[in-house]
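Structure assessment
What follows is the residue order along each chain.
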Amino acid sequence: MPKFDAIVIGTGQAGPSLARRLVAAGRKVAVIERKHFGGTCVNTGCTPTKALVASAYAAHVARRHADYGVTIAGPIAVDMKAVKARKDSIVAPSRNGVERSLKSLEGCTVYQGHGRFVAPSAVKVGETVLEAPQIFINVGGRASVPAMPGLDQVPYLTNSSMMDVDFLPKHLVVVGGSYIGLEFAQAYRRFGSEVTVVEMAPRLIAREDEDVSMGVADVLEAEGIALRLNATCLSVGKHPDGVAVNVDCTEGAPQVTGSHLLLAVGRRPNTDDLGLDKAGVATDARGFITVDDQLRTNVPGIFALGDCNGRGAFTHTAWNDFEIVAANLLDGGERRVADRIAAYALYTDPPLGRCGMSETEVRKSGRPALIATMPMEDVSRAFEKGETNGFMKILVDKETKQFLGASFLGLSGDEVIHTVLDLMYAKAPYTVMARAMHIHPTVTEFLPTMLGELRDLE
Ligand SMILES: Cc1cc2nc3c(=O)[nH]c(=O)nc-3n(C[C@H](O)[C@H](O)[C@H](O)COP(=O)(O)OP(=O)(O)OC[C@H]3O[C@@H](n4cnc5c(N)ncnc54)[C@H](O)[C@@H]3O)c2cc1C
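Below or above, wherever it landed, is the structure these notes cover.

About the cut-offs
Residues numbered from 1 in each chain as written. Predicted model: local features only at pLDDT ≥ 70, side-chain atom pairs only at ≥ 80, totals over all residues. Heavy atoms only, no water. Disulfide = S-S within 2.5 Å. Buried < 20%, exposed > 50% of the residue type's maximum accessible area, 1.4 Å probe, protein only. Near = heavy atom within 4 Å. Polar contact = N/O pair within 3.5 Å; in protein donor to acceptor, adjacent residues only side chain to side chain. Areas by Shrake-Rupley, 256 points an atom, 1.4 Å probe, with all protein chains shown as cover. Helix = DSSP H or I, 4+ residues; strand = E, 2+ residues; numbered from the N terminus. Nonpolar A, V, L, I, M, F, W, Y, C, P; charged D, E, K, R; others polar.

1. As for the state of the cysteines
Tallied over the entire structure, the rule returns one disulfide. Between Cys41 and Cys46 runs a disulfide, and the two sulfur atoms are separated by 2.4 Å. Of note, the bridge from Cys41 to Cys46 carries an S-S torsion of about -130 degrees and is left-handed in sense. On the basis of relative accessible area, Cys46 is assigned to the partly exposed category, the value being 27%. There is no disulfide at Cys108, and the cysteine sulfur nearest it, in Cys308, is 18 Å away. Classification of Cys308 by relative accessible area gives buried; the value is 0%.

2. So, the site of the ligand
Close to the ligand lie 39 residues, the nearest being Gln13, Glu33, Thr40, Lys50 and Asp307. Side-chain polar atom of Glu33 to an oxygen atom of the ligand: 2.5 Å apart, as the coordinates give it. The contact in question runs from an oxygen atom of the ligand to an N or O atom on the backbone of Thr315, over 2.9 Å. Relative to its unbound accessible surface of 1000 Å², the ligand loses 94% to contact with the protein. Residue assignment for the shell around the ligand shows that the elements contributing at least two residues are β2 (29-33), α2 (39-43), α3 (46-63) and α8 (315-330). Its residues placed into classes, the shell around the ligand shows 12 nonpolar, 21 polar and six charged.

So this is what it looks like as structure tokens:
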């Protein structure tokens, strides 16, 4: 039985970096990966989708050529084989880089196969049982496939199988109007597909403020994406066009038909076939591994990092998990999950950058607060670039003057949000930003202007 100081299961966003830190600290480490090195983000998540979104953006701008005084003779066509090839050429170096770096790391042994616990300190891969006093679970998640009537009768796509699509679906029906579904929906609309988004909730990205949901919906509808909301009683079946989705909505036709079906209704953790019962590792009702604020499971020596612990669903939260565990185990730190501030982006165009509390959450908290909003039409940089969709919203605590949160739906919203995020980490009052001189012309230069217009949140 090969013995190690540490075993890392999964090579997503936390595992490889942790393995490197452990090896650098002199530990003998085993890393187990059952499929693609780099995990979801690199292979079927962030990297490929943002590559697709970039191709879609190029098509969109090309179609708007006349707005910019540019002449393009003939129609704008999208070569889906070339789009996929570009995406693959961006993914491959990242995947190969993770694989190469781990396999060439002295002190690290890579096992390729599915890892399963056979005891609290032992994991089996193939016929080999590895043993270590410390085990780090970084197994991520996968698309959840709902128990929807008829789903066994029709082919469907998920974020993973979408990666193999090298053709233009005539009509893509996206079930799920949240972050993953909307990125694919807009990209494929821009590639030239008809697209319908079917969402159970009364609005898209229902976790966001209503004005944010509406802003995103307006953008998508303006591009010709059909939205079917309140789709509460879903079922699917075969149709001469491909697939029929029965939506049973409160209004509109009871059925949506399309050529292809994409399911984007959430993620589930890869913990169902991990032998967690053999190790005694506790999970919650949805299968997420239960961890404390330092990512320790209930079993001493076993940690869970990334999407599988349910404490985050992003690459940056998985990476932050690595930083917390590495700091605490190797640097004598005291870092905690509770110290991080919620932050993420939706990569539609324009993107949505979010940090801290939403307006809805601030209102629920009942604390006295200030709010400022600005339409992107008032932002000269956006006007100059011809990209004025969206708006910005900032919330501030009236007593401490610290930022509570922000939603930036607009040009560069995914980048500009960090100016607020960093001041939140610094616990600085908003007046620091209000008095800062920003560069013209940028989107960020309007944040001090907005702060000058803060008003009571009523
Ligand atoms: C379409 C899409 C777009 C996304 N876009 C973004 C984005 O723009 N920004 C962002 O921050 N996040 C994004 N995400 C989320 C992001 O991809 C995940 O949060 C992130 O990859 C989680 O990393 P992880 O380390 O937890 O696990 P993963 O990256 O999922 O890696 C887990 C690894 O473990 C391996 N594994 C699983 N079980 C076993 C086992 N039993 N034995 C051995 N190996 C195993 C898997 O093969 C995989 O390689 C997106 C996700 C999707 C699906």
